[in-house]
Every structure is written in structure tokens, then in C-alpha cells.
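Each chain is listed here by its residues.
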Amino acid sequence: MSLYQLADNYATIQRMIEEGADPEALADTLESIDEALEDKVENIYYVLRNIEGDINAIKAEEHRLAEKRRAAEKNQQSLKDYLKQSMERTGKTKIKRPTFTVGIQKNPPSVDIENPELVPKHFFIAQDPKLDKKAIIAQIKAGEEVPGAVIKQTESIRIR
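Residues numbered from 1 in each chain as written. Predicted model: local features only at pLDDT ≥ 70, side-chain atom pairs only at ≥ 80, totals over all residues. Heavy atoms only, no water.

Considering the overall build of the chain
Note the following rule: Working definition: helices are DSSP H or I runs of at least four residues, strands are E runs of at least two. Numbering for both runs from the N terminus. With C-alpha atoms as the basis for the radius of gyration, the globule rule is written as 2.2 Å multiplied by the number of residues raised to the power 0.38. The buried label applies to any residue whose accessible area, calculated with a 1.4 Å probe on protein chains only, is under 20% of its type's maximum; exposed applies above 50%, and partly exposed to all values in between. Counted as positive: Lys and Arg. Counted as negative: Asp and Glu, with His and the chain ends omitted from the count. A charged residue contributes its charge at one atom only: NZ of Lys, CZ of Arg, CG of Asp or CD of Glu.
Check the secondary structure of the chain and you find 4 helices and 2 strands. Reading the chain from its N terminus to its C terminus gives the helix and strand order α-α-α-β-β-α. Taking 15 Å as the expected radius of gyration for a compact globule of 160 residues, we find that the chain reaches 30 Å, considerably beyond that expectation. Seen through its C-alpha atoms, the chain measures out along the principal axes to roughly 80 × 60 × 25 Å. In the chain, which comprises 160 residues, the proportion classed as buried is 9%. Taken as two groups, the 25 positive and 28 negative side-chain charges of the chain have centres that lie 17 Å from each other.

Next comes the structure, spelled out in C-alpha cells:
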């Protein structure tokens, strides 16, 4: 198989991954590529590295956009606070314009909890118990039995 054909095959695989191809179809495509297992592993490694780069770039963009959203929300709140203060200073509670109306209104009542320990217990919401899996595995590894729990050993691919 020529280098051009190999490059084309792996470009097809990369495109399938980016388009969210069915894992079975992806496996069939990989299986149909006629080359030695070691060469396949090497080429798949490079595809995985490309995907890892895409994932990192997407994460960085998500972080950048989240920061940009937080800054916009802060600016929005600052302008609303400024507008409210200006209206309060002038004694106006409502301003009507042809395309909008701005008004100061009361929010629904809310509760501030100054000391949660003094609040009667019937106001607390019961939570479902949560298993401490780290403690369970530690106890089993120490040779003690935990009814209803066993250690399972799985395998995965590690690429270094």
C-alpha cells in the first residue's frame, strides 16, 4: 500500500471520528485497512494524538468563552446597579420610553440563614446516603469482606 493510500485511509478515519461515526463502522474501516498490526498501531497512535490536540484546543476555548461570559455578566450587573442607583438618587421608580420601560420593583422575599445550627431540624432536607467506594476498596484490600461489594479489575489501553 502506498503512503498516499495510507494517508488517505487515516484521513478518512479522522473525518469519521470528527463526524461522530458509529464505533462499529469505525472499527470496520480500521479492520479493512490492509497493513501490519504494528503499523496500524503506530498510525492509530498518531490519530489519537490529533484527537488529543483537538480536545485540548476545545477545552481551552471553553475556558476562554466561560471567562468572556463571566466578564459580560459582571458588566451587565454593574450597569444594572448603576442604573438602579441613578434612579434611586433622582427618586424615580419607573421610566417609560417608546421601546422599553425600566422600573425598580421589589423582588420576592428570600431567607438569610444567619446560624444554621439554630434552625429547627424539620426544615432540613434528608439526603440519600452515598457510598464511600474508597473506604470499601481499602477494607477489601486489607483482607476484610464487605457484603455486597467486590473488587473488579478492568483493562484499558495506556499510551505513553
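Quick look at the pattern of salt bridges
For clarity, the cut-off: One speaks of a salt bridge when a side-chain nitrogen belonging to Lys or Arg is within 4 Å of a carboxyl oxygen belonging to Asp or Glu.
Tallied over the full model, the rule gives 5 salt bridges. A salt bridge links E61 to R64; the nearest nitrogen and oxygen atoms lie 2.6 Å apart. Highlighted residues: E61 and R64, both in helix α3 (residues 37-90), separated by 3 residues, approximately one helical turn. Classification of E61 as partly exposed rests on a relative accessible area of 34%.

Digging into the environment of I104
Short version of the rule: Here, residues are in contact when the closest pair of their heavy atoms is within 4.5 Å.
Along the chain, I104 falls in the loop between β2 (101-103) and α4 (133-141). Under the relative-accessibility criterion, I104 is labelled partly exposed at 29%. Between the C-alpha atom of I104 and that of R70, which follows or precedes it by 34 residues, the distance is 24 Å. Excluding residues within four positions of it along the chain, I104 makes contact with K84, M87, E88, K92 and T93.

Quick look at a nonpolar patch on the surface
For clarity, the cut-off: Exposure above 30% relative accessible area and the absence of a salt bridge qualify a residue for a patch, where like charges join within 9 Å and nonpolar side chains (Val, Leu, Ile, Met, Phe, Trp, Tyr) within 5 Å. Per-residue accessibility takes into account occlusion by the displayed protein chains alone, with areas from the Shrake-Rupley method and a 1.4 Å probe.
A surface patch of nonpolar side chains, amounting to about 310 Å² of accessible area, comprises L48, I157 and I159. Note that L48 resides in helix α3. The class for L48 is partly exposed, based on a relative accessible area of 38%.

A closer look at the packing of aromatic side chains
Basically, it comes down to this: Two aromatic rings, drawn from Phe, Tyr or Trp (for Trp, its six-membered ring), form a pair once their centres lie within 6.5 Å of each other, and the interplanar angle then sorts them: stacked below 30 degrees, edge-to-face above 60, tilted otherwise.
Applying the stated criterion to the full structure yields 1 aromatic pair. When the centroid spacing of 5.3 Å and the interplanar angle of 70 degrees are considered together, the rings of Y45 and Y46 count as edge-to-face. Judged by relative accessible area, which is 26%, Y45 ranks as partly exposed.

Regarding the nonpolar core
Our working definition: The definition of a nonpolar core used throughout is a set of buried Ala, Val, Leu, Ile, Met, Phe, Trp, Tyr and Cys residues joined through side-chain atoms within 4.5 Å.
Ranked by size, the top nonpolar core spans 7 residues in total: Y10, I13, M16, L26, L30, I33 and V47. Mapped by element, the contributors of at least two residues to this core are α1 (3-18) and α2 (23-32). In terms of residue count, α1 provides more of this core than any other element does, 3 residues in total. The residues touching M16, leaving out its near neighbours within four places in the chain, are A21, A25, L26 and T29.

A closer look at the side chain of Q14
Following the sequence through the fold, Q14 ends up in helix α1. Excluding residues within four positions of it along the chain, Q14 makes contact with V47, N50, I51 and D54.

Thoughts on the environment of A11
Within the secondary structure, A11 sits in helix α1. Looking at A11, the relative accessible area reads 34%, which means it is partly exposed.

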